[in-house]
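# Chains, contacts and geometry: an overview
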Amino acid sequence: MRTFNPFDEKPIPVEKWFMDWNMMYPCPYNKETTNPYTKCRIVLMNGTEFEAQWFSRNFSRHCNDNDLRRELALVRRSEQQQQKRISCLKPKNETILEHTITYEQLAVDLTSVLAKQESDCNVKNALNFALLEDFDHLYRYSNLLDYEYGICPEKLVGGYTEITPARPTISEHRYPKDSIFRHIDNNEATVLTKLNVGIITAAEQQTMNYYMNVASLYDRSDLGRRLYQEIGMIEEEHVTQYESLKDTNATWLEDLLMHEYTECYLYYSCMETEVDPEIRRIWEQCLTQEIAHLHKAKDLLWEYEHKDWMQVIPCGDFPQILVLRPNIEYVREIIKTTTGNTQKKECVVPLLQLPPDDKFYWYQNIVNGDVDSVASHNVICQRIMRKGCDYRYEVAPNPLCELRDRRCDNTQLAREPQATPASAQVCGTSQGNCSCVINTECGPVTF
């Protein structure tokens, strides 16, 4: 694919791109026929636009220059219109839970793609660590969808993503202080690393916000409300983990430039990979808008900090574009080698490295003291009671023997040392990897 540099493009003034109500209310996709990755791109860009809003508003609240705040307000209004347009692509007849399957498929395949292309070991470990947890969330929500609606989750994911357990959700609840990674250094990190950190932070934040808002709106059952409540707490952990990777030394205007560059990169990637012609046209228009926003950020950086954009982004050429695609074998390898890991301060470590009095166990005893009240466990139990086994879509048996029993939900793996594999695999010992991490070698069927 051709090289693209948004800084080389001639921007159309921001004011020229304000939309009327008809343009802001597009024709929704058909939930029965639309490609699953088109749905994923819509969720991704809705979350990216929310991140733009969240960042701009916080910038404005920490800025005492009203002229600068007016410039932020101008761009923010345009971003708001983009977000409204993208969010309305979701059809009215798609339920909260069906839409959730798209959220989790995006989380799995987006995280996998970013991890596979990431060169920074600290960032790669963070991505692989949370990947397994989102993968397990997809399994839990899929069982709820089958149990309460009788809808086939495999159809929703298009067979592109497996549905099988990984690190059990019950084991993902960790002491809050153990959710912080070391931040990257923008002066040393590659552009791709900076993009990856910004993209995954926005995507996980959108998932967290969605679950925070829809938990009380899920009207099918208390079980479903409780599941959203529980997994929403894990998404809070994930956002804390990912946002901690961002360079805290960047100025607000440097960060603004990086936000706009990231949006350009994502819209360009969506445009180049979209299979729906009408939605591709929307991505193309959004890219044109974002190029205007990027040049506005570039001008503000120069006006207020006397910095050239190349001091933040040395080369404006986009790296390899983001392509959502199946990652079944990659996820299987991560399940096989890292499911028994947990986090201790900045480090990804095997659960067996924790001392018996570690805060992980203390926190687990508080939130999961009564295993029978844990929604992520109960949803699997209910499906097993009704149909004799859990719901899965697998191309082969689960990579871990501990997770192959379809008539019993495993609540001990990665939570109790005696039931957790000792092997662990992380990114190598190159710069950026945590010194306390040890390295140890270690046809589709629908049920």
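This text gives an overview of the structure that appears in the document. (Residues numbered from 1 in each chain as written. Predicted model: local features only at pLDDT ≥ 70, side-chain atom pairs only at ≥ 80, totals over all residues. Heavy atoms only, no water.)

## What to know about the packing of helix α4 (residues 96–117) against helix α5 (residues 121–149)
Think of two packed helices as two axes; the pair is described by the angle between the axes and how far apart they sit. The line we're drawing: Note on method: axes are straight lines fitted to C-alpha atoms, helices fitted across the in-contact stretch only, with angles between N-to-C directions ranging 0 to 180 degrees. Each helix is a run of H or I in the DSSP string that is no shorter than four residues. Each strand is a run of E no shorter than two, and both are numbered from the N terminus. Angle categories: roughly parallel below 35 degrees, roughly antiparallel above 145, roughly perpendicular from 65 to 115, and oblique for all the rest. If you view the pair so one helix is near and one far, a crossing is left-handed when the near helix is turned anticlockwise from the far one by less than a right angle, and right-handed when it is turned clockwise. Ten residues, namely Ala, Val, Leu, Ile, Met, Phe, Trp, Tyr, Cys and Pro, are considered nonpolar, four, namely Asp, Glu, Lys and Arg, are considered charged, and the remaining ones, Gly among them, are considered polar.
Relative orientation of the contacting elements α4 and α5 amounts to 160°, with a least axis distance of 9 Å. Looking at the two axes, α4 sits roughly antiparallel to α5. For the pair α4 and α5, the sense of crossing is left-handed. Here the contact of α4 with α5 is composed, by residue class, of 14 nonpolar, 7 polar and 5 charged.

## Some words on a nonpolar patch on the surface
The condition is simple: Put simply, a patch holds well-exposed residues, over 30% relative accessible area, that have no salt bridge, with like charges counted together within 9 Å and Val, Leu, Ile, Met, Phe, Trp or Tyr side chains within 5 Å. Method for areas: the Shrake-Rupley scheme with a 1.4 Å probe, in which residue coverage is limited to the protein chains shown. Each reported salt bridge corresponds to a side-chain nitrogen of Lys or Arg within 4 Å of a carboxyl oxygen of Asp or Glu. Burial here depends on accessible area, computed with a 1.4 Å probe over protein chains only, as a share of the maximum for the residue type. Under 20% is buried, over 50% is exposed, and the range in between is partly exposed.
Side chains of Trp362, Ile366 and Val367 sit close together on the surface and give an oily, nonpolar patch of about 290 Å² of accessible area. Within the fold, Val367 resides in helix α12 (residues 359–367). Exposure remark for Val367: the relative accessible area of 36% places this residue in the partly exposed category.

## Notes on the side chain of Thr111
Defined as follows: In what follows, a contact means two residues having at least one pair of non-hydrogen atoms within 4.5 Å.
Its location among the elements puts Thr111 in helix α4. Look past the residues within four positions of Thr111 in its chain and what remains in contact with it is Leu106, Leu127, Leu131, Ile200 and Tyr242.

## Notes on the side chain of Glu172
So the rule is basically this: Polar contact is the term for a pair of N or O atoms within 3.5 Å; when the atoms are in protein, one must be able to donate a hydrogen and the other to accept it, and sequence-neighboring residues count only if both atoms are side-chain atoms.
With respect to the secondary-structure elements, Glu172 resides in the loop between α6 (153–157) and α7 (191–214). A polar atom in the side chain of Glu172 sits 2.7 Å from the side chain of His137.

## Some points on the pairing of strand β2 (residues 347–350)
Side-chain positions along a regular strand alternate between the two faces of the sheet. Where we set the bar: When DSSP locates at least two bridges between a pair of strands, those strands are taken to pair.
Where strand β1 (residues 341–344) and β2 come together, 4 bridges link them in antiparallel fashion. Bridge pairing in β2 places Lys344 opposite Cys347. The antiparallel hairpin formed by β1 and β2 contains 2 residues in its connecting segment, where Lys345 sits at a positive phi of about 50°.

## A look at the pattern of salt bridges
Taken as a whole and assessed by the stated rule, the structure comprises 24 salt bridges. One salt bridge in this structure joins Lys246 and Asp255, with 3.8 Å as the shortest N-O distance. In this structure Lys246 comes out as partly exposed when scored by relative accessible area, which is 23%. By relative accessible area, which is 19% here, Asp255 ends up buried. In this structure, Asp358 and Lys344 form a salt bridge, with 2.8 Å as the shortest nitrogen-oxygen distance. With Asp358 in the loop between β2 and α12 and Lys344 in strand β1, this residue pair connects regions lying 14 residues apart in the sequence. Its relative accessible area of 27% is what places Lys344 among the partly exposed residues. Connected through salt bridges with shared partners, the residues Glu133, Arg167, Arg174 and Glu237 form a single ionic network.

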